[in-house]
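Chain and residue survey
Letter by letter, the chains look like this.
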Amino acid sequence: MRSIRFFPGLERLVNIAAIMCGYACLGLCLLIGYEIVARRLLGHSVQGVDELGGYILAITSAVGFSAALMHRMHTRIELGLSRFPVAIQACLNGVAILLLAGFTVFMLLQVWGTWQTSIAYGSRASTPLQTPLWIPQGLWLFGVALFAFVATSMLIHSCWLLLRTNYQMLNECYGPPSLQEEVDKSLAEAESQLENRPESKREPL
């Protein structure tokens, strides 16, 4: 599916953050696996696995919002949108990205306030790890800030396209993926899997 390549540097940053979150999830899986083995065979438990899992879930979710938005993977409901003229579709897609950007900024302000409160009061988790909450909340804040920055950048780009009356480009970048795009994506993924699959060797008769 076509990604929004209006700013390659921003897309690269989002992809790097998403890859780092993937490694964090992989590390959490290994830690959980060791926790299971340790409880069954060694008779002890690693303290704080569930706490770390909650932090990683919040951080990766925030970063995942940006990656999904960059690659047009958020769920969109298009009840009759394609039946409108191209100009009206562009205006509605612009309103959609405006509302999303406004929500992300609101969410960023709330997370910022939570982070500042944790710093001011020196808040710590009520767990055996006693984690200073400003550390995971700071990483969470980075993920939400990245999401807000991506959404705001898209809003600016969509406004620029509206001013230039480039409605077709705006719909291609910010409208919901069409059925043909979904089909092309599925076919491309299937072809990629076939190309990467090793050829089976025939047994000699």
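Quick caveat, the model's predicted, so the values are computed rather than measured.

Let us look at the overall build of the protein chain. Along the protein chain, the regular secondary structure elements total six helices and zero strands. Sequence-ordered secondary structure for the protein chain, helices as α and strands as β, is α-α-α-α-α-α. Burial status across the protein chain gives 31% buried among its 205 residues. Relative to all contacts within the protein chain whose residues are 6 or more apart in sequence, the contacts with residues 24 or more apart total 73%. Carbon together with sulfur atoms contributes 66% to the accessible area of the protein chain, which is approximately 13600 Å² in total.

The next point concerns the nonpolar core. Among the nonpolar cores identified, the biggest contains 28 residues, and Val14, Leu69, Met70, Leu146, Val150, Met154 and Tyr174 are the most heavily contacted of them. Sort the elements by how many residues they give to this core and helix α4 (residues 134-163) lands first, with nine residues. In this structure, Val14 is in contact with Ser66, Ala67, Met70, Leu146 and Val150, ignoring residues within four places of it in sequence.

Let's shift gears to the pattern of salt bridges. Under the defined criterion, the tally for this structure stands at one salt bridge. Arg39 is the partner of Glu35 in a salt bridge, and the nearest nitrogen-oxygen pair spans 2.7 Å. Of this pair, Glu35 and Arg39 both sit in helix α1 (residues 8-42), four residues apart, which is roughly one turn of that helix.

The subject of this paragraph is a nonpolar patch on the surface. Taken together, the side chains of Ile19, Tyr23, Leu26 and Leu30 define a hydrophobic patch exposed on the protein surface, amounting to about 470 Å² of accessible area. If you trace the backbone, Ile19 turns up in helix α1.

In this section: the packing of α1 against helix α2 (residues 49-70). Running from amino to carboxyl end, α1 crosses α2 at an angle of 155°, the nearest separation of the two axes being 9 Å. By the criterion of interaxial angle, the relationship of α1 to α2 is roughly antiparallel. Crossing geometry of α1 relative to α2 is assigned as left-handed. Listed contacts from α2 to Leu10, Glu11, Val14, Ala17, Ala18, Cys21, Ala24, Cys25, Leu28, Leu31, Ile32 and Glu35 of α1 are Val49, Leu52, Gly53, Ile56, Ile59, Thr60, Val63, Ser66, Ala67 and Met70. Class assignment for the residues of the contact of α1 with α2 results in 17 nonpolar, three polar and two charged.

Moving on to the packing of α4 against helix α5 (residues 167-174). Contact geometry of α4 with α5 gives a least axis separation of 8 Å together with a crossing angle of 155°. Looking at the two axes, α4 sits roughly antiparallel to α5. The handedness of the crossing between α4 and α5 is left-handed. Of the residues in α5, those touching α4 at Met154, His157, Ser158, Leu161 and Leu162 are Tyr167, Met169, Leu170, Cys173 and Tyr174. Residue composition of the contact of α4 with α5, by class: eight nonpolar, two polar and no charged.

It is worth spelling out α2 at this point. Three- or four-residue spacings in an α-helix give side chains the same orientation, since the helix completes a turn every 3.6 residues. The terminal C-alpha atoms of α2, which comprises 22 residues, lie 31 Å apart, in line with the 32 Å expected from a rise of 1.5 Å per residue. A positive phi of about 55° marks Arg72, the residue just after α2.

Looking at the protein chain, pLDDT values average 86 and 87% of them are 70 or higher. Confidence drops under a pLDDT of 50 for residues 200-205, and excluding neighbours within four residues, the segment shows zero contacts in the predicted structure.

Turning next to the environment of Gly54. Assignment of secondary structure puts Gly54 in helix α2. Considering only alpha carbons, one finds Gly54 and Pro136, 82 residues apart in sequence, at a separation of 9.7 Å.

Moving on to α4. With 30 residues, α4 extends 42 Å from end C-alpha to end C-alpha; this agrees with the ideal 44 Å at 1.5 Å per step. With its phi angle positive at about 55°, Thr165 sits one or two positions after the end of α4.

Rules behind the numbers
- Residues numbered from 1 in each chain as written.
- Predicted model: local features only at pLDDT ≥ 70, side-chain atom pairs only at ≥ 80, totals over all residues.
- Heavy atoms only, no water.
- Helix = DSSP H or I, 4+ residues; strand = E, 2+ residues; numbered from the N terminus.
- Buried < 20%, exposed > 50% of the residue type's maximum accessible area, 1.4 Å probe, protein only.
- Contact = heavy atoms within 4.5 Å.
- Areas by Shrake-Rupley, 256 points an atom, 1.4 Å probe, with all protein chains shown as cover.
- Core = buried A, V, L, I, M, F, W, Y, C linked by side-chain atoms within 4.5 Å.
- Salt bridge = Lys/Arg side-chain N within 4 Å of Asp/Glu carboxyl O.
- Patch = residues over 30% accessible without salt bridge, like charges linked within 9 Å, V, L, I, M, F, W, Y side chains within 5 Å.
- Axes fitted to C-alpha atoms, helices over the stretch in contact; angles between N-to-C directions.
- Parallel < 35°, antiparallel > 145°, perpendicular 65-115°, else oblique.
- Left-handed = near helix turned anticlockwise from the far one by under 90°.
- Nonpolar A, V, L, I, M, F, W, Y, C, P; charged D, E, K, R; others polar.
- Expected span 1.5 Å × (residues − 1).
- pLDDT = per-residue confidence, 0-100.

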